[in-house]
Amino acid sequence: MPAQRRRPTIKDIARRSGVSESAVSFALNGRPGVSETTRARVRRVAEQVGWRPSTAARALSGEGAATIGLVLARPARMLGVESFFLQLISGVQQVLAQRRLGLLFQVVEDVTAECAMYRHWWAEHRVDGVLLVDPRSADPRPGVLESLGLPAVAIGGTETRPRLSAVSADDAGAMTSVVSHLHALGHRDIVHVAGLAGLAHTERRIASLRAEAGRRGLPRARSLTTDYSDAEGAAMTRRLLDEDAPPTAVIYDNDVMAAAGVAAAAERGLSVPGDLSIVSWEDSVLCRMVHPWLTALARDPVAFGRGAAQELARLLDGSPSRTVGVPLPELLVRESTAAPKSRPVPPRPGRVSSDRVAGASSGPDSDSAPDSA
């Protein structure tokens, strides 16, 4: 068996540099007490031998863990479904690699477990800061992080605190562009198949559709929440198509559900966009693999992740917290949207009893969502 390679130590660097171990420590940690010539020589030798600081030693000495934490409180099976999240992580990793920071990633069952993980990491000096994903309308996590003193960036959030920045997306502007496009084509029965209820961006998109519906006189526009999966996207589409007066256009909160919507329409013998126009909130390769190609919002998840990681790096360097906006996504109009077929004005449907439906306006027909059973 070949001998295991020994990690280089400060003692090795001191011997090769011809200085004391304390001088090496001063040089590598940027402390005064050595000349710039000695500091440069020590760092050059450290690079040559492949020396890297011990994360445990850094934590114990109060110099930080050189690691950023990210906890995802979603079912683990969803990681392989949404391309947006994987691209977001890619952007984060680009910045962390440049700064030689690690990423500690954990999947948990719920927000309570997520808060417990933050306390665990803080107690063990495991991370220097965290990236907060899926901000919620009633979110306990910013308060927990503030009490621990952990710098954090809320991706897609709007709330800021002394050590909490936010990288926010203009969901209202994005919804306006989608509804404007569909309205200009002649659609008046528009449904938004949203993601998880309780997430801040889900609530913002629902509120934005409600506002646009009220402004444009679209009493039947409404939002329905799902778990982002293709299964629920397809099931929701089937339910909508089985209504007495089905919608003429559907906006899906991700590409997977939009593709499932195309398949569900085909099951019913309906064509897209002839019988149903479809828009995906996220553009991806999948949007260009289905037939027809999907009209979609072109966001840049990699740039979103880079921006969040860069903002967290600012906080770690001592800069004050702030809110950073990302560019408004462009609506890429493709083959899945067209003018609706003319049809008689549908009768007023009955009131909805399901708590998974969000009404779209406060006008006289605001309660006219179909039964969710």
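Residues numbered from 1 in each chain as written. Predicted model: local features only at pLDDT ≥ 70, side-chain atom pairs only at ≥ 80, totals over all residues. Heavy atoms only, no water.

If you check an unreviewed UniProt entry, the protein chain appears there as LacI family transcriptional regulator from Streptomyces diacarni.

Q: Looking at this structure, I do not really get the overall build of the protein chain. What am I missing?
A: Assigned secondary structure in the protein chain consists of twelve helices and 13 strands. Taking all 373 residues of the protein chain together, 49% fall into the buried category. For the protein chain, the proportion of contacts with a sequence separation of at least 24, taken over those separated by at least 6, is 69%. If you sum the accessible surface of the protein chain, you get close to 17500 Å²; carbon and sulfur atoms cover 53% of it. (Helix = DSSP H or I, 4+ residues; strand = E, 2+ residues; numbered from the N terminus. Buried < 20%, exposed > 50% of the residue type's maximum accessible area, 1.4 Å probe, protein only. Contact = heavy atoms within 4.5 Å. Areas by Shrake-Rupley, 256 points an atom, 1.4 Å probe, with all protein chains shown as cover.)

Q: Explain the nonpolar core to me, please; I cannot follow it from the model alone.
A: For soluble globular proteins, the rule of thumb is that nonpolar side chains tend to be buried together. Counting residues in hydrophobic clusters, the biggest one holds 23 residues, and the most contacted among them are Phe-85, Leu-131, Val-133, Val-153, Ile-155 and Phe-304. Ranked by the residues each element gives to this core, the list is headed by helix H5 (residues 83-98), at seven residues. When residues no more than four places from it in sequence are discounted, the contact partners of Leu-131 are Ile-68, Gly-69, Leu-70, Val-71, Val-92, Val-153, Ile-155, Ala-308, Ala-309 and Leu-312. Of all hydrophobic cores here, the second largest spans 22 residues; its members include Ala-258, Val-272, Cys-287 and Leu-294. (Core = buried A, V, L, I, M, F, W, Y, C linked by side-chain atoms within 4.5 Å.)

Q: For this particular structure, what's the right way to read the environment of Val-272?
A: With respect to the element layout, Val-272 can be found in the loop between helix H11 (255-267) and strand S9 (277-280). Given the relative accessible area of 13%, Val-272 is considered buried. Residues Val-272 and Pro-292, spaced 20 residues apart in sequence, show a C-alpha to C-alpha distance of 7.0 Å. Not counting residues up to four positions away in its chain, the partners in contact with Val-272 are Val-262, Ala-265, Ile-278, Pro-292 and Ser-336.

Q: Whenever I open this one, the pairing of strand S10 (residues 295-298) confuses me. Can you help?
A: Along any regular strand, the residues point their side chains to alternate faces of the sheet. With two bridges joining them, S9 and S10 adopt parallel strand pairing. Looking at the pairing, Val-279 lines up with Thr-295 of S10. Taken together, the three bridges between S10 and strand S12 (residues 330-332) define a ladder with antiparallel strand orientation. The partner of Ala-298 across the bridge, within S12, is Glu-330. (Pairing = 2+ DSSP bridges.)

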